[in-house]
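Coordinate analysis (summary)
Each chain, letter by letter, is given below.
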Amino acid sequence: MTGIINWNELRKAIVSEGRRRRGHERPEEMWDKRAEEFNKSTRGGSERTEKQVASLKLDPDYTVLDVGAGTGRLSVPIAKIVKQVTAVDQSGGMLSYLEENMAEGGLSNYKAIQKRWEDVELGVDIEPHDVVIASHSLGMFDLQEALAKMDAAAKRRVYIFTAAGKWFFDDQEEELWERIYDRPPRRGGGFRSDYMLLYNILHDMGIYANVEIRDSEHVQRYGSIDEAVERWKERREIPPENEPLLREYLAKNLEDENGGGLVFRRRTKSAMIWWPKSESS
């Protein structure tokens with residue numbers, strides 16, 4: 001029976017509105033500009049990364065495909081465990097840092113493919129992998145098509161890590177946003193990545209996935225408040241005239257770290273959605 005709501009078409013409408021507001025900048029160009037800051041934020045191990053990797057239940061002879069791999073936050077530690085990793089990302093800037101991080105770890109058992117997931121051809125660009133993962137990287141316009149390709153690319157299991165409820169804005173950051181831009185933050189982007197929307201699309205596809213909701217903490221490290229201000233200005237495109245408001249906010253919310261420097265902690269909830277390709281997986 002056809003559902004009352006076409007969840008995939010609803011998400012397309014949300015994505016279209018977000019792209020209209022963003023203008024003509026191509027996503028790969030946006031991520032190229034953010035690659036350095038993103039790499040600084042995700043370098044090194046974290047409890048969140050360790051939990052995600054442990055959840056995958058990987059064997060040494062597995063091959064893993066990381067869709068939207070970014071700078072390798074997951075691909076690098078996974079490559080230390082498995083036979084082969086394939087990292088797909090549309091941003092050359094992101095993949096250049098991934099390759100640096102792989103080299104730093106003494107790893108060569110990986111392949112990096114600079115392509116949009118929508119443009120990747122199974123059997124041409126990649127072969128099926130034992131495990132397919134995507135962590136907060138499903139920004140594709142047609143999510144149902146993207147998920148179907150991920151399912152087809154997996155021999156054993158598919159894992160998706162995504163938002164559960166609020167993601168980018170806690171109550172304090174909402175207040176900062178309103179002071180800087182004189183308007184509340186956009187909500188469409190958060191809903192389009194929430195696990196319930198994704199889960200409903202999978203359900204309509206006949207994929208009855210498992211869901212685990214987790215408490216999640218994201219830690220960003222800075223050498224000084226000046227570094228934090230510059231990185232936030234760039235990432236959030238904050239006008240220079242509003243720098244005093246940003247500095248005030250960061251001074252209140254940054255914590256001293258024992259090893260030196262400052263940390264910004266954001267506590268939220270995330271979802272791990274996964275499904276096996278067979279009962280034996």
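Structure: above.
About the criteria used
- Residues numbered from 1 in each chain as written.
- Predicted model: local features only at pLDDT ≥ 70, side-chain atom pairs only at ≥ 80, totals over all residues.
- Heavy atoms only, no water.
- Buried < 20%, exposed > 50% of the residue type's maximum accessible area, 1.4 Å probe, protein only.
- Helix = DSSP H or I, 4+ residues; strand = E, 2+ residues; numbered from the N terminus.
- Salt bridge = Lys/Arg side-chain N within 4 Å of Asp/Glu carboxyl O.
- Phe/Tyr/Trp six-rings, centres within 6.5 Å; stacked < 30°, edge-to-face > 60°.
- Lys NZ or Arg CZ within 6 Å of the ring centre and 35° of its normal.
- Expected span 1.5 Å × (residues − 1).
- Polar contact = N/O pair within 3.5 Å; in protein donor to acceptor, adjacent residues only side chain to side chain.
- Core = buried A, V, L, I, M, F, W, Y, C linked by side-chain atoms within 4.5 Å.
- Contact = heavy atoms within 4.5 Å.

**So, unusual backbone geometry**
Of note, Lys57 is a non-glycine position whose phi angle comes to about 50 degrees, a positive value. Given a relative accessible area of 61%, Lys57 falls into the exposed group. In this structure, His136 is a non-glycine residue whose phi angle is positive, near 50 degrees. Among the secondary structure elements, His136 is positioned in the loop between strand S4 (129-135) and helix H6 (143-153). The partly exposed category is assigned to His136, whose relative accessible area is 31%.

**Some remarks on the pattern of salt bridges**
Tallying each qualifying case throughout the model produces 16 salt bridges. A salt bridge links Lys51 to Glu47, with the nearest nitrogen and oxygen atoms 3.3 Å apart. Of this pair, Lys51 and Glu47 are both found in helix H3 (residues 47-55), 4 residues apart, which corresponds to roughly one turn of the helix. Between Glu227 and Arg231 there is a salt bridge, and its shortest N-O distance comes to 2.8 Å. With Glu227 and Arg231 both in helix H10 (residues 225-236) and 4 residues apart, the pair spans about one turn of that helix. A relative accessible area of 26% places Glu227 in the partly exposed class.

**Observations concerning the packing of aromatic side chains**
Scanning the entire structure with this criterion turns up 4 aromatic pairs. With a centroid separation of 5.6 Å and 55 degrees between ring planes, the pair formed by Trp232 and Tyr249 is classed as tilted. With Trp232 in helix H10 and Tyr249 in helix H11 (residues 243-253), this pair connects stretches of sequence that are 17 residues apart. There is no split in this pair, since Trp232 and Tyr249 are both buried. These aromatic residues form a ring-pair network of at least three members: Trp232, Tyr249 and Phe264. In this structure, Lys149 packs its charged tip against the face of Trp117, placed 5.4 Å from the ring centre.

**Considerations on helix H5 (residues 92-104)**
Counted at 1.5 Å a residue, the expected span for H5 with its 13 residues is 18 Å, and the 18 Å between its end C-alpha atoms agrees. When we look at burial in H5, the residues that qualify are Gly93, Met94, Leu95, Leu98, Asn101 and Met102. A distance of 3.3 Å separates the backbone nitrogen of Gly93 from a side-chain oxygen at the start of H5, and that oxygen is part of Ser91. Of the residues flanking the end of H5, it is Gly106, one or two places downstream, whose phi is positive at about 70 degrees.

**Quick look at the nonpolar core**
The biggest cluster of nonpolar side chains holds 29 residues, and the ones touching the most others in it are Trp117, Leu138, Met150 and Ile160. At the level of elements, strand S1 (63-67), S4, H6, strand S5 (154-163), helix H9 (195-204) and strand S8 (262-276) are the ones that each hand at least two residues to this core. The element that contributes the greatest number of residues to this core is H6, accounting for 5 residues. Contact partners of Met150, with chain neighbours within four places excluded, come to Val67, Trp117, Val132, Ile133, Ala134, Leu138, Val158 and Ile160. Membership of the second largest hydrophobic core comes to 22 residues, among which are Val53, Leu58, Val85 and Met102.

**Comments concerning the environment of Thr42**
Position of Thr42 among the secondary structure elements: in helix H2 (residues 27-42). For Thr42, a relative accessible area of 16% translates into the label buried. Thr42 sits 177 residues away from Val219 along the chain, and the two C-alpha atoms are 8.6 Å apart. Setting aside residues no more than four positions away along its own chain, Thr42 makes contact with Thr71 and Arg73.

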